[in-house]
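A structural walkthrough
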Amino acid sequence: MPGFATRAIHAGQAFDPRTGAVNPPVYQTSTFVQERVGGLREGYEYTRGTNPTRDVLQELVADLEGGAQGLSFASGLAAEDATLRALLAPGDHVLMGNDVYGGTHRLVRKILAPWGLQLSTVEMTDLDAVRAAIRPETRMLWLETPSNPLMKVTDVEAVAALGHEHGLTVVVDNTFASPALQTPIALGADVVVHSATKYLGGHSDVLGGVVVTATEEAGEKIQFLQFAAGAVSAPWEVFLTIRGIKTLALRMERHSSNAAAIARTLVDHPAVERVYYPGLPDHPGHEIAARQMSGFGGMVSLALAGGAAAARRFAESTSLFQLAESLGGVESLVNYPAEMTHASVRGTELEVADNIIRLSTGIEDEADLVTDVQQALERLG
Ligand SMILES: *Cc1c(COP(=O)(O)O)cnc(C)c1O
């Protein structure tokens, strides 16, 4: 099999046979002319069901994640919603990590719990705790690794094995690592979900989500929901995502090396109480990360010794690291989770301490990013 960088550029993307165009045409159309009643030309009927541009992205992500089927949605949460509703039924229990994306938790708590889903959360890095939290009605384990924002690392192989002992579907949100660094299906996961808005798209210019399933059977169930509920991605967003993925391998290398440099800078500074980065040898998940990832990624979090005031000050003092939600783009971003990304989970078990800062390290020059972080730390006095 060709390597990852090659597949990111070529999988699912033969040149257009009609014109020789090297890029997939953007089929910006809602419908397709039929030859006779019910006689479809190339199997295409209506874009909510299938669209040739979307097919390219779906094949591409299935290939990169090593799954049977890929499905593309309008956002990460749309992809997650379809996954949960297609694979679970009212009365089922889903066990999630206690550090899943806040929007994922909100989706289940506010939308799917009234529909009948039961939710509880657990420390996913503790296998005994996971085993103890599985109930007779549990059907799914849902985890993120590295997690947001504390960069906890879960052993996917071990959790998948435990889940399968109990007949559960194991879902991994692979947004933070991307398939360039980690492929959960190869480690035993049944389903991978992504916010393609982040590293897959990679340029903070598109919203999208994808699901990749290990089996055709699960893929068909989710595909039915994609068609029947309709949260599909539009052709132009799909094109931008495909275009982003072509440089994913290169970008993740630079994100990782820049993040490692930032982490080293932070570790040595007295204003910093703790640094959360799986590439640091004293990170509790370092060995598992080194085993299951081919790089440690671009996300770094830190706890400031000066508490909430210092964290706010830091977040407002960087200049290259711009203050914004989201992550995974070429530009560096700083986020204050307690009042930004994680404000919606305040008061729940997902609450984040108010001295934590999360950095999404972009692909700018390393020296410039390090200087920016240093000057922001100096301002803390
Ligand atoms: C952003 C994000 C999501 C949600 O994706 P959207 O594209 O914003 O809907 C889900 N999981 C993780 C880990 C994320 O970072």
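Residues numbered from 1 in each chain as written. Predicted model: local features only at pLDDT ≥ 70, side-chain atom pairs only at ≥ 80, totals over all residues. Heavy atoms only, no water.

1. Examining the site of the ligand
What surrounds the ligand is a group of 14 residues, the closest being G76, D173, S195, T197 and K198. Side-chain polar atom of S195 to an oxygen atom of the ligand: 2.8 Å apart, as the coordinates give it. Measuring from an oxygen atom of the ligand, one finds a side-chain N or O atom of K198 at 2.7 Å. A total of 380 Å² of accessible area belongs to the ligand in isolation, and the protein chains cover 93% of it. Among the elements that make up the shell around the ligand, the one with the highest residue count is helix α3 (residues 76–87) (three residues). Classifying every residue of the shell around the ligand by side-chain character gives four nonpolar, six polar and four charged. (Near = heavy atom within 4 Å. Polar contact = N/O pair within 3.5 Å; in protein donor to acceptor, adjacent residues only side chain to side chain. Areas by Shrake-Rupley, 256 points an atom, 1.4 Å probe, with all protein chains shown as cover. Helix = DSSP H or I, 4+ residues; strand = E, 2+ residues; numbered from the N terminus. Nonpolar A, V, L, I, M, F, W, Y, C, P; charged D, E, K, R; others polar.)

2. A few points about the domain arrangement of the chain
Assigned domains within the chain: domain 1 (4–245) and domain 2 (249–378). Each of domain 1 and domain 2 has a C-alpha centre, and these two points are 26 Å apart. Contact with domain 1, which involves 37 residues of that partner, is made by 38 residues of domain 2. For the pair domain 1 and domain 2, the two sides together bury roughly 3000 Å², of which 60% comes from carbon and sulfur. Of all residues in domain 1, the largest losses of buried area upon contact with domain 2 belong to M151, L181 and Y199, amounting jointly to 25% of the total for that side. (Domains from an automatic or database assignment. Contact = heavy atoms within 4.5 Å. Buried area = accessible area lost by both parts, 1.4 Å probe.)

3. Regarding the UniProt feature "modified residue: N6-(pyridoxal phosphate)lysine" (unreviewed entry) in the chain
Under the UniProt annotation, "modified residue: N6-(pyridoxal phosphate)lysine" (unreviewed entry) lies at K198. Residue placement: K198 occurs in the loop between β6 (191–195) and β7 (209–213). (UniProt positions renumbered as here; feature names shortened; annotations may be inferred.)

4. Some details on the environment of T341
If you trace the backbone, T341 turns up in the loop between β11 (333–335) and β12 (356–360). What makes T341 buried here is its relative accessible area of 16%. For T341 and G102, which are 239 residues apart along the polypeptide, the C-alpha to C-alpha distance reads 7.4 Å. Not counting the four nearest positions on each side in its chain, T341 is found in contact with E325, N335, Y336 and R358. Engagement of the side chain of T341 in a polar contact is seen with the side chain of N335, the distance being 2.9 Å. Among the polar contacts listed, one links the side chain of T341 to the side chain of H342, at a separation of 2.8 Å. (Buried < 20%, exposed > 50% of the residue type's maximum accessible area, 1.4 Å probe, protein only.)

5. Notes on the sheet that holds strand β9 (residues 299–304)
Pairing in this open sheet of five strands is mixed, and the strands run β8-β9-β12-β11-β10 from one edge to the other. The strands lining the two open edges of the sheet, one partner per strand, are β8 (272–276) and β10 (322–323). Taken together, the three bridges between β11 and β12 define a ladder with antiparallel strand orientation. If you follow L333 over to β12, its bridge partner there is S360. (Pairing = 2+ DSSP bridges.)

6. A look at the nonpolar core
Formed by 35 residues in total, the largest nonpolar core has its most connected members in F4, L57, I245 and L248. Those elements giving two or more residues to this core turn out to be α1 (4–10), α2 (52–65), β7, α8 (235–245), α9 (248–267) and β9. For this core, the element with the most residues is α2, which contributes five residues. Here this core spans two domains, since at least three of its residues come from each of domain 1 (4–245) and domain 2 (249–378). (Core = buried A, V, L, I, M, F, W, Y, C linked by side-chain atoms within 4.5 Å.)

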